[in-house]
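Residue-level structure breakdown
Chain by chain, the residues run as shown.
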Amino acid sequence: MLDIAVIAAYFCAIFGIGLYVGRRQDSLESYALGNRSLPWWAILASIIAAEISAATFLGTPGEGFALRNFTYVQLGIGTLLGRIVVGKLFLKPYYQYKVVSIYEYLEKRFGVTTRRWASVTFLISRVLASGTRLFFAGILLVLAYMFLVGRESATPTETVVIYIGALTLITVATAVYTTLGGLKAVVWTDVLQASILFIAVFTTIGILLFSIKGGGSWGDAWNTICATLGNTDYNPCKVEHLQPGKVFDWGVTGQGLVADVKNILASEYTLWSAFLGATFLTMATHGTDQDMVQRMLAARDSKTGTRAVILSGILDMPIVLVFLSCGMLLFVYFAVNGIAPPEKQIEIFPYFIIHYLPAGVRGLLVAALLATAMGSLSTALNALATTATRDWYRDVFHPDATDAQMLRAVRLLTVGFAVLLIAVGAATAWYSVMEPTVRILPIALGIFGYTYGSLLGIFLLGMLTKSRGNDLGNVLAMLAGFAAVIALELLGRYGILPPIAFPWRVTIGTAVTFLVGAAFRSK
């Protein structure tokens, strides 16, 4: 009962915020940007809440559990560098042109065709990415349901049906407060959700530390890892293997330049992927994605938005360290207590939450996961509906639409996109059931790589050049960037070329798009 009370209190709070802040909305701009009046610290909390999606909440501890090192943290270098570029290069022209949809900038720089291609690329990419992340949020609810009905497993068909029910519940609840309150509801609920998240995670780490035999310290945890792995092929305590606490890895094999390049391109977490891959990925997700940029545009000016996005990058690395540490401590907890972990890596943290946390704390963790999922989902719904309304409903189908008509359209589109996200989440659930060894973070982060290089390449072409690029050339460039990433992926999968890790996809797509687009002169 205590768990249910905690979760019920969370839902009452977010619905109350949605109703309160949505009272005086009378235009698309008030719905989409909160009248550009939100404080920087609220925008900062909203950015963090959106970034710590359910994929991060479950996936990062899973990475810590599986790898038992901190190499994933390296990508934090690139996320900070990318945000600095976004704040200093991207936000100023967005504010200068007073855009609501950031793809309006591309029309002013190149033409309407470029804007529409970029807009539809975002809509498709965001539906796929957010739908995939939505699935991750359903994992804990599915395990909780199985725990409550006293079942250890279900058939694949039953499991997918349960997932669909869980995803529908999460999406409907999120769509309600997003439709009522717009971006203001999104941001202020994100502040609440970020607070719940950190309280829950630090509480979990404290419980894990005190449960370790021999004193309950971080040193005891590492000693347990060393003793448990012994002389196995992968022991982080040995010099020749990844050592405890290792963070930085150049990806050098010692077998020559060619071997090093192959290893670097195939490795997800090295300093090269941090400085290049993660930087370009962050520039794309935080500079060319309406979902994230919309928060920054809710500030009163570009300087305020820049402060929020750069500070979020500074906080990113310690946040990731906390989640990785939680995963490593989970490994120790399972080892010292002789518990067999779930076969699926993505279920390790939720399995621990449901079966081994005390009442109240368990409810807090469930609320925290719902908070992270609903925080990222709410902004995705808001951004998708805003982009579709501004770029398509108004400019293509109803150029004479009134503010009231656009406000009604954006709310209806919010509901429509919610249905699409449930469909994608259900498809992802089916894939996960059929492929139980799937890893969570490469899917969640890698899905952007196929299309966001094309988006970033065109935005950089517009901002870094004055006389290069036009509508025809930009369309060809975006297609070339997408084709290059797909070709490299297929060639790597079939062993013709070395495989390319997900952090490099956006970098490659951006370079190809920019170079092809630069071959055409602006009209």
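Residues numbered from 1 in each chain as written. Predicted model: local features only at pLDDT ≥ 70, side-chain atom pairs only at ≥ 80, totals over all residues. Heavy atoms only, no water.

**Quick look at the overall build of the protein**
- A tally of regular secondary structure across the protein gives 20 helices and zero strands.
- Among the 523 residues that make up the protein, the fraction classed as buried is 60%.
- Within the protein, counting contacts between residues at least 6 apart in sequence, those at least 24 apart form 84% of the total.
- Per element, the accessible surface of the protein, about 20,400 Å² overall, is 66% carbon and sulfur. (Helix = DSSP H or I, 4+ residues; strand = E, 2+ residues; numbered from the N terminus. Buried < 20%, exposed > 50% of the residue type's maximum accessible area, 1.4 Å probe, protein only. Contact = heavy atoms within 4.5 Å. Areas by Shrake-Rupley, 256 points an atom, 1.4 Å probe, with all protein chains shown as cover.)

**Examining the environment of Ala49**
- Residue placement: Ala49 occurs in helix α3 (residues 40–51).
- Separated by 143 residues in sequence, Ala49 and Leu192 have C-alpha atoms that sit 9.2 Å apart.

**Things to note about a nonpolar patch on the surface**
- A contiguous nonpolar patch, built from Leu81, Ile84, Trp272, Phe275 and Leu276 and spanning about 410 Å² of accessible area, is present on the exposed surface.
- When residues of the nonpolar patch are traced back to their parent elements, those giving at least two are α5 (75–96) and α11 (271–287).
- The greatest single-element share of the nonpolar patch, amounting to three residues, is contributed by α11.
- With respect to the element layout, Ile84 can be found in helix α5.
- The partly exposed category is assigned to Ile84, whose relative accessible area is 33%. (Patch = residues over 30% accessible without salt bridge, like charges linked within 9 Å, V, L, I, M, F, W, Y side chains within 5 Å. Salt bridge = Lys/Arg side-chain N within 4 Å of Asp/Glu carboxyl O.)

**Some thoughts on helix α7 (residues 112–148)**
- Between its first and last C-alpha atoms α7 spans 54 Å; for 37 residues at 1.5 Å apiece the expected length is 54 Å, and the two agree.
- Taking the largest bend as the criterion, α7 deviates by roughly 30°, centred on Gly138. (Expected span 1.5 Å × (residues − 1). Bend = angle between axes of the 7 residues up to and from the residue.)

**Some words on the nonpolar core**
- Ranked by internal contacts, the top residues of the largest apolar core, which has 120 residues, are Phe57, Tyr94, Phe334, Phe349 and Phe459.
- Among all residues touching Phe349, those that are not within four sequence positions of it are Phe57, Leu58, Pro61, Thr204, Cys326, Leu330 and Leu365.
- Grouped together as the second largest cluster of nonpolar side chains are five residues, Phe70, Val73, Val320 and Leu324 included. (Core = buried A, V, L, I, M, F, W, Y, C linked by side-chain atoms within 4.5 Å.)

**Focus on the packing of α7 against helix α14 (residues 348–356)**
- Relative orientation of the contacting elements α7 and α14 amounts to 35°, with a least axis distance of 9 Å. Crossing hand, α7 versus α14: right-handed. Of the residues in α14, those in contact with Ile139, Leu140, Leu143, Ala144 and Phe147 of α7 are Pro350, Tyr351, Ile353, Ile354 and His355.
- The class makeup of the residues in the contact of α7 with α14 is nine nonpolar, one polar and no charged. (Axes fitted to C-alpha atoms, helices over the stretch in contact; angles between N-to-C directions. Left-handed = near helix turned anticlockwise from the far one by under 90°. Nonpolar A, V, L, I, M, F, W, Y, C, P; charged D, E, K, R; others polar.)

**Overview of the environment of Pro61**
- Topologically, Pro61 is positioned in helix α4 (residues 54–67).
- Among the residues examined, Pro61 registers a relative accessible area of 1% and is labelled buried.
- Distance from Pro61 to Phe323, taken between C-alpha atoms, is 5.3 Å for residues 262 residues apart in sequence.
- Among residues more than four places away in sequence, those in contact with Pro61 are Thr56, Phe323, Gly327, Leu330 and Phe349.

**A closer look at unusual backbone geometry**
- The phi torsion at Lys98 lies on the positive side, around 55°, for a residue other than glycine.
- With a relative accessible area of 64%, Lys98 lands in the exposed category.

**Section: the side chain of Glu489**
- When you line up the elements, Glu489 lands in helix α19 (residues 471–493).
- Those residues in contact with Glu489 that sit more than four places away from it in its chain are Tyr450, Ile500 and Arg505.

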